[in-house]
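Coordinates in review
Take a look at the letters that make up each chain.
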Amino acid sequence: MLTIVIGVVSILALCTSGIFSVTPNNVTWALSHITFLTWLIELILSILLLWIKLGLLGYAVRRLHDADYSGWWLWLIIIPFGWIIVVIFLLLPTVEEPVRWGSYLFVD
C-alpha cells in the first residue's frame, strides 16, 4: 500500500514538471526543464522505496529460514514464474525444531 502511495506522489511530482507532455522532438527540452524540487522529491521517494524493498528482502530471508530453506532461494524470482515457487516456500509453516541457522525461534 505504501509503495502505491509513493508511486502516485512520484507521478504527481512529474506531472507538475510537464514531463508527460513530451513529444519525441522535445525530450531533451523536457528533461532540462524539470525543477530541482521535482528531482529532490524523486530522490527522496527512491530512497524510501529502496528502504522498503530491503526491509522486505530481509523479512523474506528470515521467513525462508523459519521454514528451513536457504535465503538463496529468492534468486528464483529472476526466472520466469520462479516467483510462484518462492511464494509457496514463504507460505510453508514454521519448522518446529532448530533450523540450520540456529535455534533463535525457540529461546527458553
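Predicted, not measured: the structure shown is a model, and the values here were computed from it. (Residues numbered from 1 in each chain as written. Predicted model: local features only at pLDDT ≥ 70, side-chain atom pairs only at ≥ 80, totals over all residues. Heavy atoms only, no water.)

1. Details of the nonpolar core
In terms of nonpolar packing, the biggest core is built from 6 residues, these being Ala60, Leu64, Leu74, Leu76, Val86 and Phe89. Put simply, the parts of the chain that give this core at least two residues each are α3 (36-66) and α4 (82-91). In contact with Ala60, not counting residues within four places along its chain, are Leu74 and Leu90. (Core = buried A, V, L, I, M, F, W, Y, C linked by side-chain atoms within 4.5 Å. Buried < 20%, exposed > 50% of the residue type's maximum accessible area, 1.4 Å probe, protein only. Helix = DSSP H or I, 4+ residues; strand = E, 2+ residues; numbered from the N terminus. Contact = heavy atoms within 4.5 Å.)

2. A closer look at the confidence of the model for the protein chain
The predicted model of the protein chain averages 80 in pLDDT, with 77% of residues at 70 or higher. Taking the mean pLDDT of every element in the protein chain, the minimum, 62, falls on helix α2 (residues 27-32) and the maximum, 92, on α4. (pLDDT = per-residue confidence, 0-100.)

3. Considering the packing of aromatic side chains
With the rule as written, the count across this model stands at 3 aromatic pairs. A ring pair is formed by Tyr69 and Phe89, whose centres lie 4.3 Å apart and whose planes are at 20°; its orientation type is stacked. Of this pair, Tyr69 sits in the loop between α3 and α4 while Phe89 sits in helix α4; the two residues are 20 residues apart in sequence, bridging distant segments of the chain. The exposure class of Phe89 is buried, given its relative accessible area of 12%. Aromatic side chains Trp73 and Phe89 sit 5.0 Å apart centroid to centroid with 80° between the ring planes, which places their arrangement in the edge-to-face category. On the criterion of sequence distance, the pair formed by Trp73 in the loop between α3 and α4 and Phe89 in helix α4 is long-range, its members being 16 residues apart. Classification of Trp73 as partly exposed rests on a relative accessible area of 36%. A network of ring pairs unites the aromatic residues Tyr69, Trp73 and Phe89 as a single cluster. (Phe/Tyr/Trp six-rings, centres within 6.5 Å; stacked < 30°, edge-to-face > 60°.)

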